[in-house]
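# Coordinates in review
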Amino acid sequence: MKDSTLLSHVGRDPASTRGTVNMPVYRASTILFPSQEAYDKRGERRYDDVCYGSFGTPTTFALTDAVNALEGGAGSVVMSSGLAGCTMAILPFVSAGDHLLVPDSVYGPTRGFCDLLLRRFGVETTYYDPTLGAEIEALIKANTRVVFTEAPGSLTFEMQDIPAIAGAAHRQGCVVLMDNTWATPLYFKALAHGVDISIQAATKYMSGHSDLVMGIATARTRDLYLRLKDTAALMGEITSPDDCYLVLRGLRSMPARMRAQQESALTIARWLEARPEVERVLYPPLESDPGHALWKRDFTGAGALFGVLLPKVPGPALAAMMDKYRYFGIGASWGGYESLVLACRPGRTVSRWDDSAHTLLRFSIGLEDTDDLLADLEDGFRRLNTAL
């Protein structure tokens with residue numbers, strides 16, 4: 001079964017919901033049991049059946065079943081945000097005195113969690129060059145428990161050789177985690193490429209409508225799933241059934257949305273690449289991108305998020321270009337139906353990023369007509385050149 005067909009049918013059962021096509025929204029805190037004995041045994045199936053609202057309702061389980069089927073996993077956990085998906089995936093596997101490896105291009109808040117919270121609890125983080133493959137094995141210590149990955153990297157879009165990294169990590173007994181929000185399991189099957197836990201910010205493409213915040217983590221094995229679910233439950237991680245319903249609805253159209261957005265993004269990225277104002281476009285589907293070969297080998301498609309590197313632009317000139325876009329809103333999220341742009345300053349530890357020499361813009365391409373977006377960008381460059 002193709003993924004687009006799967007996403008049209010999984011996570012719903014009209015026979016059990018009086019014929020409704022969509023899973024209803026089940027809101028609940030208290031769950032009633034037919035007997036004291038049934039209540040006393042509720043813990044035996046606390047993650048597989050409805051036993052208390054914070055562990056999930058039928059709406060929650062419909063979403064996790066759908067994502068689990070798409071990922072090819074043994075169990076999925078829904079959490080309150082994409083960042084919670086990352087942090088809750090790390091916590092089950094590290095204790096005081098342990099060590100983890102994190103790519104230098106990781107999502108900024110994940111870096112903050114490692115630097116500010118894990119450090120307080122005695123967990124050491126080493127940031128590694130995201131372009132390392134099997135060579136990462138040399139960085140693994142006796143106390144290394146987790147190797148975190150993200151491909152492509154946040155803001156700067158470096159590709160990672162996930163199978164090579166996973167192979168090296170597993171040889172040393174490490175758990176491999178991946179933030180796979182950019183490609184989603186629609187375009188990259190992280191678990192099939194050696195990852196142990198695949199993380200999604202469902203806020204982005206899975207929702208697709210810029211109206212909720214959610215994270216989902218999917219484990220490769222039942223044991224990994226239970227460790228992940230136990231940690232999330234102990235931390236009080238819950239999500240509303242209303243938001244679960246909205247993400248489940250978003251999954252139905254995700255293949256069509258991402259296909260259209262990918263097509264527009266590649267057209268726009270090629271157009272930008274040819275502009276005299278642009279030094280480089282950071283987008284793995286482009287043949288000029290250093291990560292293109294890895295992307296083409298492992299991925300079946302691309303997210304519509306990419307970076308554009310300009311020579312250093314003075315603030316007033318940058319504002320003249322960006323503030324008057326008609327269709328590109330200035331906002332921090334991405335993956336919705338609307339196009340966005342944001343000036344970024346990557347944080348780096350082992351690889352240098354010179355903010356004094358470059359201006360980095362991040363574009364998220366939505367569902368607007370490509371010609372309208374190109375005209376908007378053309379007008380922006382005209383304003384930029386006038387202001388310089």
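Shown above is the structure to which this text applies.
Conventions we followed
Residues numbered from 1 in each chain as written. Predicted model: local features only at pLDDT ≥ 70, side-chain atom pairs only at ≥ 80, totals over all residues. Heavy atoms only, no water. Axes fitted to C-alpha atoms, helices over the stretch in contact; angles between N-to-C directions. Helix = DSSP H or I, 4+ residues; strand = E, 2+ residues; numbered from the N terminus. Parallel < 35°, antiparallel > 145°, perpendicular 65-115°, else oblique. Left-handed = near helix turned anticlockwise from the far one by under 90°. Contact = heavy atoms within 4.5 Å. Nonpolar A, V, L, I, M, F, W, Y, C, P; charged D, E, K, R; others polar. Pairing = 2+ DSSP bridges. Phe/Tyr/Trp six-rings, centres within 6.5 Å; stacked < 30°, edge-to-face > 60°. Buried < 20%, exposed > 50% of the residue type's maximum accessible area, 1.4 Å probe, protein only. Patch = residues over 30% accessible without salt bridge, like charges linked within 9 Å, V, L, I, M, F, W, Y side chains within 5 Å. Areas by Shrake-Rupley, 256 points an atom, 1.4 Å probe, with all protein chains shown as cover. Salt bridge = Lys/Arg side-chain N within 4 Å of Asp/Glu carboxyl O.

Contact geometry of helix α4 (residues 82-90) with helix α5 (residues 108-118) gives a least axis separation of 10 Å together with a crossing angle of 45°. Comparing the axis directions of α4 and α5 gives the class oblique. In this structure, the crossing between α4 and α5 has a hand that is right-handed. Residue-level inspection shows L83, C86, T87 and I90 of α4 in contact with α5, the latter providing P109, T110, F113, C114 and L118. When the residues that make up the contact of α4 with α5 are grouped by side-chain class, the tally is seven nonpolar, two polar and no charged.

What follows is about the side chain of R275. Position of R275 relative to the elements: it lies in the loop between α9 (241-273) and β8 (280-282). Apart from the residues within four sequence positions on either side, R275 is in contact with E378 and F381.

Residue A151 is joined to P152 through a cis peptide bond whose omega torsion reads -5°. Tracing the chain through its elements places P152 in the loop between β4 (144-150) and α6 (162-171). Although it is not a glycine, L155 sits at a positive phi angle of roughly 75°. One non-glycine residue, F157, adopts positive backbone phi at about 65°. Mapped onto the fold, F157 is located in the loop between β4 and α6.

Inspection of the secondary structure assignment puts M79 in strand β1 (residues 75-79). Expressed as a C-alpha distance, the spacing of M79 and K229, which sit 150 residues apart in the sequence, is 9.9 Å. Setting aside its immediate chain neighbours within four residues, M79 contacts A84, G85, M88, M214, G215, A217, A232, E237 and T239.

Once that is clear, we can look at the sheet that holds strand β5 (residues 175-179). Taken together, seven strands build an open sheet; the order of strands is β1-β7-β6-β5-β4-β2-β3 and the sheet is mixed. Across the chains shown, the open sheet's two edge strands, defined by having one partner strand only, are β1 and β3 (124-128). Across the sheet, the mean angle separating the axes of adjacent strands is 20° when strand polarity is ignored. Bridge analysis of strand β6 (residues 197-201) against strand β7 (residues 215-219) gives five bridges, and the strand direction is antiparallel. Its bridge partner lying in β7, A201 is registered against G215. Packed on one face of the sheet, α5 meets β2 (99-103), β3 and β4 and runs near 150° to β3. Against the sheet, helix α8 (residues 222-234) touches β1, β6 and β7, its axis set at about 20° to β1.

Counted by the stated rule, this structure contains eleven aromatic pairs. An angle of 85° between the planes, with centres 5.4 Å apart, marks the rings of F33 and Y39 as edge-to-face. Residue classification places F33 among the partly exposed positions, given a relative accessible area of 25%. On the accessibility criterion, Y39 (35% relative accessible area) is partly exposed. Arranged with centres 5.6 Å apart and planes meeting at 70°, the rings of Y205 and W334 form a pair that is edge-to-face. Placement of Y205 in the loop between β6 and β7 and of W334 in the loop between β10 (329-330) and β11 (340-344) is noted, with a sequence separation of 129 residues between them.

The next subject is a nonpolar patch on the surface. A contiguous nonpolar patch, built from L116, L117 and F121 and spanning about 320 Å² of accessible area, is present on the exposed surface. Overall, L116 belongs to the exposed group, its relative accessible area being 59%.

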